[in-house]
Amino acid sequence: MSRDHAYATMLEAMAKMQWNVAQILEAKALEAEKNRNWVLNHLNQQAFATHLEQLNEPIEIHEQVIEVLEGLAKLQYSLARNMNVLLVEQSRGHYQGDGSEDAGGHSS
């Protein structure tokens, strides 16, 4: 497999992953809207025995949302780092077309 083809394959895979991340975010947004509606309609002062319970329930919900966002942020960071590696290598002149030339520019 040539280096060009390998890079193209990597970029295609990254694009597919970005599309999947977008789908995950869309699903999470719909889920969050449903949760918001449920919370607004069901979690009121009468639903909890103590004030502490009333505070803990929303905190648990927020912690779950934060975990999802942290996971997606880590995924995006690693995708960006991979893209940066490709771009930096290309801009430094290390990109050698199909990989058939050695460091001196001679064909093998």
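A brief structural summary. Here the structure is a predicted model, which means the values were calculated and not measured. (Residues numbered from 1 in each chain as written. Predicted model: local features only at pLDDT ≥ 70, side-chain atom pairs only at ≥ 80, totals over all residues. Heavy atoms only, no water.)

Focus: the pattern of salt bridges
For step 1, the next point in the chain: All chains considered together, the criterion is met by three salt bridges.
For step 2, the next point in the chain: Lysine 28 is the salt-bridge partner of glutamate 31, the closest N and O atoms lying 3.4 Å from each other. Here lysine 28 and glutamate 31 lie together in helix α1 (residues 3-42), a separation of three residues that amounts to about one turn.
For step 3, the next point in the chain: Note that glutamate 33 is salt-bridged to arginine 36, the shortest N-O span being 2.9 Å. Here glutamate 33 pairs with arginine 36, and both are found in helix α1, just three residues apart, close to one helical turn.
For step 4, the next point in the chain: Since its relative accessible area comes to 42%, arginine 36 is described here as partly exposed. (Salt bridge = Lys/Arg side-chain N within 4 Å of Asp/Glu carboxyl O. Helix = DSSP H or I, 4+ residues; strand = E, 2+ residues; numbered from the N terminus. Buried < 20%, exposed > 50% of the residue type's maximum accessible area, 1.4 Å probe, protein only.)

Considering helix α2 (residues 51-91)
For step 1, the next point in the chain: Helix length check: α2, at 41 residues, gives a terminal C-alpha distance of 59 Å against a target of 60 Å (1.5 Å per residue), a fit within 8%.
For step 2, the next point in the chain: Of the residues making up α2, those classed as buried are Leu72, Leu79 and Leu86. (Expected span 1.5 Å × (residues − 1).)

A short note on the packing of α1 against α2
For step 1, the next point in the chain: Running from amino to carboxyl end, α1 crosses α2 at an angle of 165 degrees, the nearest separation of the two axes being 11 Å. In this view, α1 runs roughly antiparallel relative to α2, as classed from their interaxial angle. Here α1 and α2 pass one another in a crossing that is left-handed. The segment α1 lies against α2, with Arg3, Tyr7, Met10, Leu11, Met14, Met17, Gln18, Val21, Ile24, Leu25, Lys28 and Val39 engaging Ile61, Val68, Leu72, Leu75, Gln76, Leu79, Asn82, Met83, Leu86 and Glu89.
For step 2, the next point in the chain: When its residues are assigned to classes, the contact of α1 with α2 shows 16 nonpolar, three polar and three charged. (Axes fitted to C-alpha atoms, helices over the stretch in contact; angles between N-to-C directions. Parallel < 35°, antiparallel > 145°, perpendicular 65-115°, else oblique. Left-handed = near helix turned anticlockwise from the far one by under 90°. Contact = heavy atoms within 4.5 Å. Nonpolar A, V, L, I, M, F, W, Y, C, P; charged D, E, K, R; others polar.)

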